[in-house]
Each structure stands twice: as C-alpha cells, then as structure tokens.
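Here is how the chains run, residue by residue.
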Amino acid sequence: MGSVAVLVPCSSKKNVEVPDMARAASLPRGPQSAVERAWLERLRGLAPAMPATDLYGGRAFRIARAAARGAGADLYICSAGLGVVPGGREVPAYGVSVSAPGSPDDISARVEGRFVVPNWGRALTGSPYAVDLRAIVREADLFIVAMSGPYYELIIDALTSLPQLPQLRLVGHRLDRRLVPSLHRYILPYERKRLDELHPGTGFDFPARALAHFLGAVLPGALGGHVEHVLQRQP
C-alpha cells in the first residue's frame, strides 16, 4: 500500500501522574525566549515514563491512535511540551499546553508580554525527544496531519518551509481561515455536519474523527488502499 504516517496533537489528560516540576506552572516567569530555554533545560532532567502513544488519555487522541493502528500507519504526536515525537519513543510525563487558557499547564501564562505560538514550536525542535517533521513528511508516501488550529501554529514554520509535496494532507476545522494560502491545496474537504452524521462526536475531536473516516473509509476504498490512487483523487 505504501507507507502512511499521521501527525496528531497530544492530550492534556495523561495516563500517569505528572510531577509538579514537569508542569508549566513550575517555570519562572520571563520573556518568551527565557521561558523556552528554561523548559528545554527542564526537559533534559526529566526521566522518561512510557512510550508517547501510551501517555495520552484524551478521547480525541484515543480515536486518532486507534485509526492509525487500524490503518497500519506510523503515529507521530505534536506535543506542546516535547515537539513532534514518534509514538513509540519513551517520553516523560509533563504538563504544558498552548490551548488551555487559565490552566496551570498554560505555558503562555509564564511569558511576560505577548506569547507567540510559532516561536514556541520552533524552540521545541531543540527538545531531546523531537524529530524533524520535514524529514518525516519527505519519507512517507502519504502524510496526514489532523489537528486543531493552535497545534498547526506549532509546526507552521516546518510546513511552510517544505517544497510542494503531493503526499501531504491536512485535516481540521476551517483550516482555510487559519493556514496560509500556500497550504490550502493540501486540506482535505471535511465538513462538520456531514462528518457528524458519519462519525458522531464533538467539535473538539473533529480532526481525529475526520482522520478516522479517511483512514477507515477513503483509503481502503481507493483501489485496494493503494496510496498513489488516493493521491490522484484527493484533494
């Protein structure tokens, strides 16, 4: 069928207890660059707890993980605390989020002044657990990103630096309003009302449900699941 890889967001719900020192709230407040350096230094001192694919317990993540396993796809996770990590990589438990205002794990609350999500994502490429997203995309026959807006912002630098790649597909709600025009050609045309009929759920888990439908219904139906035929039809 060809190699398929998917990138999905992490989850604030963890399957193990997160130490206080591994939470955003434990970091000193300061300029974003100083917070970035402090977090990367903190990461180097944290002990791995389990494979990344087993760390997260949220509903959306569980849907995406099951879809990837069912399709035999390689799973990668876009983590607000670790960067882009392979699902099988041993990682520490942590509490950092870019989409939970008011939470103790909200990293923006540690930043004095404006918090810039793409800058945080760029800093996370220096994480000891992260891999190069651009290399993953280039190596896969089909690479699907299924995430919400804030997580796309974490990787926007890598996405926009890629040459035109026919194997790239992007899933999410109203991405045409969040992504630069050069990426619009890669967006899979999922509409929430129709998806709710096929795969009921919430707005929060929309990307994971769309991914599950694509991997479970579209990909196998494309002449035996051959990736090249999916690429000819989509988008």
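Please clarify how the packing of aromatic side chains should be interpreted in this entry.
Remark: the centre distance and the inter-plane angle together describe each pair of aromatic rings, the angle taken between the planes. Enumeration according to the criterion identifies three aromatic pairs in this entry. A ring pair is formed by Tyr56 and Tyr94, whose centres lie 6.4 Å apart and whose planes are at 80°; its orientation type is edge-to-face. Residue Tyr56 is found in the loop between α2 (52-55) and α3 (59-71), and its partner Tyr94 is found in the loop between β5 (90-91) and α4 (117-124); the two are separated by 38 residues along the sequence. As far as the burial class goes, Tyr56 and Tyr94 line up, both buried. By the ring-pair criterion, three or more aromatic residues cluster together here, those being Tyr56, Phe61 and Tyr94.

So what exactly am I meant to see when it comes to the layout of surface pockets here?
Remark: the empty space left among the atoms is shown by a probe the size of a water molecule rolled over them. What the largest pocket holds in volume is close to 390 Å³. Around the largest pocket, the lining comprises 25 residues; the ones closest to its centre are Cys10, Ser11, Ser12, Tyr151 and Phe204. At the level of secondary structure, the elements contributing two or more residues to the lining of the largest pocket comprise β1 (4-9), α3 and α8 (206-221). It is α3 that provides the largest number of residues to the lining of the largest pocket, a total of four residues. By residue class, the composition of the lining of the largest pocket is 14 nonpolar, eight polar and three charged.

Calculation notes
- Residues numbered from 1 in each chain as written.
- Predicted model: local features only at pLDDT ≥ 70, side-chain atom pairs only at ≥ 80, totals over all residues.
- Heavy atoms only, no water.
- Phe/Tyr/Trp six-rings, centres within 6.5 Å; stacked < 30°, edge-to-face > 60°.
- Helix = DSSP H or I, 4+ residues; strand = E, 2+ residues; numbered from the N terminus.
- Buried < 20%, exposed > 50% of the residue type's maximum accessible area, 1.4 Å probe, protein only.
- 1 Å grid on protein atoms, 1.4 Å probe; cavity = no way out; pocket = protein on both sides within 12 Å on 5 of 7 lines; lining within 4 Å.
- Points joined across faces, edges and corners; volume = space filled by probe spheres on them.
- Nonpolar A, V, L, I, M, F, W, Y, C, P; charged D, E, K, R; others polar.

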